[in-house]
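Residue strings, one per chain:
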Amino acid sequence: MKIEINKQLLESILIDLQSFLDKKDATQIKSHVYINAIDGIITFKATDSEIGLVIHSSNVNIIQNGTTTANGKKLLDIIKILKNNTMSLEVENDILTISQNSSKFKLPTFEHINYPSFPQIDNKAKLSVDSLNLIKAFKKVSPAIDSNNPKFELNGALLSINANGCDIVGTDTKRLALMHLNQTGSQELKLIIPKKAIIEIQKLFTDAIDIYYDDTNLIIQNQNYFFFNRLINGKYPDYARIIPKNKKYSFKLPKKEMIESIKMITSICQDITMVFSPNSIIFKSFSNDIDEAKTELLINLELEHSFELNVNSRYFLDFIMQVDSENFEIILNEQSLPFLLQDGAFQTVIMPIIG
């Protein structure tokens, strides 16, 4: 194999592939990127067998067709230090040589036929949901998805489709985020998609995509990318029963002013107390330390008595930062009970701090 390719293009491709490499053992083939150059198209692959990405590009001069592998991290490190110009990649005697002007680097390769296989879309069902709205929904719920929960199903987002619509749900047991899409499918469907996949999907895809699935994998593709991730096998909690049905207090709150007020307190303490009164909301640090922070937002609320709420500010801000409107709704019942934040079809239930 011998090719000429622009440094910036190759660097961009390799950056996209880094999250898909196996970082645990650099001596294994899954730490390598797979490179195939044939008939004017160059294809790059990376996978740790749980998640994988394929990138195609025609912006390459293929002098000699061929296929190889190279350590993905080391190759990127080399490309980064080269100049913004064309470079050549050539394989001879199982060695990949990267050349640019008087600079030359060599990396060992693996036998490319041993590279892990990728799932195919053949015989897989196609997901009938608006892909752009789905990606936006992933972005809204992703902060609430757990990362290292012993209950593996909580380390992903639930995609649930039934006659009532499509729900995307994430929870870390202290909060639950839900985005509802009106589009429905022809059959009921429940998939648990790992958090890592949710994050990578947001990075890679901004245009319309095709989504396929089976009991094992989720596959997403467009003209330039082919992405797959193994689904989480498990039973997701009954999220509907967690959403408060009662409504003792309900207020419309301004997004911008709430963000400013909460951030003032978080300079001292992440856990905050909010005191709702008829004419204002007082924000103060919830801490036994001597350090104290306090600010007040003047706002008319239909309250006869003050209502105090202790909460992790990050949970509150994660919701507000995803609000599309100028205002959002908060629904409260008792100080010790979960409360609901809502912006149209986007909801977050948060467990208050007791004490």
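Read on for an overview of the structure.

With that out of the way, let us pick up the overall build of the protein chain. Helix and strand counts for the protein chain stand at six helices and 25 strands. Each of the 355 residues in the protein chain was classed as buried or not, and the buried ones make up 52%. Partitioning the contacts of the protein chain with sequence separation of at least 6, the portion at a separation of at least 24 is 64%. Accessible area for the protein chain stands at about 17,900 Å²; split by element, carbon and sulfur atoms hold 44% of it. Across the protein chain, the mean location of the 37 positive side-chain charges is 3 Å away from that of the 42 negative side-chain charges.

Right, let's talk about the environment of Leu9 for a bit. By the secondary structure assignment, Leu9 is in helix H1 (residues 7-17). As a C-alpha pair, Leu9 and Asn84 span 75 residues in sequence and 9.6 Å in three-dimensional space. If we skip the residues at most four places from it in the chain, Leu9 touches Ser57 and Asn59.

As a further point, take the pattern of salt bridges. Side chains that differ in sign of charge can pair as their charged atoms come close. Summed over the entire model, instances satisfying the criterion amount to twelve salt bridges. When the shortest N-O distance is used, the salt bridge between Asp318 and Arg175 registers 2.7 Å. Placement of the pair is Asp318 in helix H6 (residues 313-320) and Arg175 in strand E13 (residues 175-181), with a sequence separation of 143 residues. Take Asp318: its relative accessible area is 21%, and that puts it in the partly exposed class. For the salt bridge of Glu334 with Lys248, the shortest nitrogen-to-oxygen distance reads 3.2 Å. One end of the pair, Glu334, is in the loop between strand E23 (327-332) and strand E24 (339-343); the other, Lys248, is in the loop between strand E17 (225-230) and strand E18 (249-254), with 86 residues separating them in the sequence. By relative accessible area, which is 40% here, Glu334 ends up partly exposed. Residue classification places Lys248 among the partly exposed residues on the basis of a relative accessible area of 46%.

As a further point, take the pairing of strand E15 (residues 210-213). A regular strand places its side chains on the two faces of the sheet in alternate fashion. Judged from the two bridges that link them, strand E10 (residues 125-126) and E15 form a sheet pairing that is antiparallel. When the sheet's bridge partners are listed, Lys126 is paired in E15 with Tyr212. Here E15 runs beside strand E16 (residues 217-221); their pairing, made up of four bridges, is antiparallel. Of the residues in E16, the one forming a bridge with Tyr212 is Ile219.

So, about the packing of helix H5 (residues 255-266) against H6. Running from N to C, H5 and H6 point in directions that differ by 155°, and their axes come no closer than 10 Å. Our classification of the angle between H5 and H6 gives roughly antiparallel. Between H5 and H6 the crossing geometry is left-handed. Touching Lys255, Met258, Ile259, Ile262, Lys263 and Thr266 of H5 are Ser313, Phe316, Leu317 and Ile320, all from H6.

Attention shifts here to the side chain of Thr43. Within the secondary structure, Thr43 sits in strand E3 (residues 41-47). The residues contacting Thr43, other than those within four sequence positions of it, are Tyr34, Ile35, Asn36, Val54, Ile55 and His56.

Note that Tyr212 resides in strand E15. Since its relative accessible area comes to 13%, Tyr212 is described here as buried.

In this section: helix H2 (residues 72-81). Listed as buried for H2 are Gly72, Leu75, Leu76, Ile78 and Ile79. One side of H2 holds all its buried residues, which, seen down the axis, span an arc of 160°. For H2, the capping residue at the N-terminal end is Asn71, with a side-chain oxygen 3.2 Å from the backbone nitrogen of Lys73.

The next subject is the nonpolar core. Met258, Phe276 and Phe316 are the most contacted members of the largest nonpolar core, which totals 106 residues. Not counting residues up to four positions away in its chain, the partners in contact with Phe276 are Phe251, Leu253, Ile281, Leu301, Leu303, His305, Ser306, Phe307, Leu309, Ile330 and Leu332.

The next subject is the packing of helix H3 (residues 131-141) against helix H4 (residues 195-204). The interhelical angle for the contact between H3 and H4, taken along N-to-C directions, is 125°, at an axis separation of 10 Å. Classed by the angle they form, the pair H3 and H4 counts as oblique. The handedness of the crossing between H3 and H4 comes out as left-handed. Contact residues: Ile135, Phe138 and Lys139 in H3; Ile198, Ile201 and Gln202 in H4. Per-class residue counts for the contact of H3 with H4 are four nonpolar, one polar and one charged.

When we look at a pair of aromatic rings, we describe it by the centre distance and by the angle of the planes. Applying the stated criterion across every chain yields a total of twelve aromatic pairs. Here the aromatic rings of Phe20 and Phe227 are separated by 6.0 Å at their centres, their planes lie at 85°, and the arrangement is edge-to-face. With a gap of 207 residues between them, Phe20 in the loop between H1 and strand E2 (32-38) and Phe227 in strand E17 connect regions that are remote in the sequence. For the pair Phe20 and Phe227, one class covers both residues: buried. For the ring pair Phe319 and Phe346, a centre distance of 5.0 Å and an interplane angle of 25° mean the geometry is stacked. Placement of Phe319 in helix H6 and of Phe346 in strand E25 (residues 346-350) is noted, with a sequence separation of 27 residues between them. Phe319 gets classed as buried once you look at its relative accessible area, which sits at 2%.

Reading the values: rules and limits
Residues numbered from 1 in each chain as written. Predicted model: local features only at pLDDT ≥ 70, side-chain atom pairs only at ≥ 80, totals over all residues. Heavy atoms only, no water. Helix = DSSP H or I, 4+ residues; strand = E, 2+ residues; numbered from the N terminus. Buried < 20%, exposed > 50% of the residue type's maximum accessible area, 1.4 Å probe, protein only. Contact = heavy atoms within 4.5 Å. Areas by Shrake-Rupley, 256 points an atom, 1.4 Å probe, with all protein chains shown as cover. Lys, Arg positive; Asp, Glu negative; His and termini not counted. Charge placed at Lys NZ, Arg CZ, Asp CG, Glu CD. Salt bridge = Lys/Arg side-chain N within 4 Å of Asp/Glu carboxyl O. Pairing = 2+ DSSP bridges. Axes fitted to C-alpha atoms, helices over the stretch in contact; angles between N-to-C directions. Parallel < 35°, antiparallel > 145°, perpendicular 65-115°, else oblique. Left-handed = near helix turned anticlockwise from the far one by under 90°. Arc of directions from axis to C-beta. Polar contact = N/O pair within 3.5 Å; in protein donor to acceptor, adjacent residues only side chain to side chain. Core = buried A, V, L, I, M, F, W, Y, C linked by side-chain atoms within 4.5 Å. Nonpolar A, V, L, I, M, F, W, Y, C, P; charged D, E, K, R; others polar. Phe/Tyr/Trp six-rings, centres within 6.5 Å; stacked < 30°, edge-to-face > 60°.

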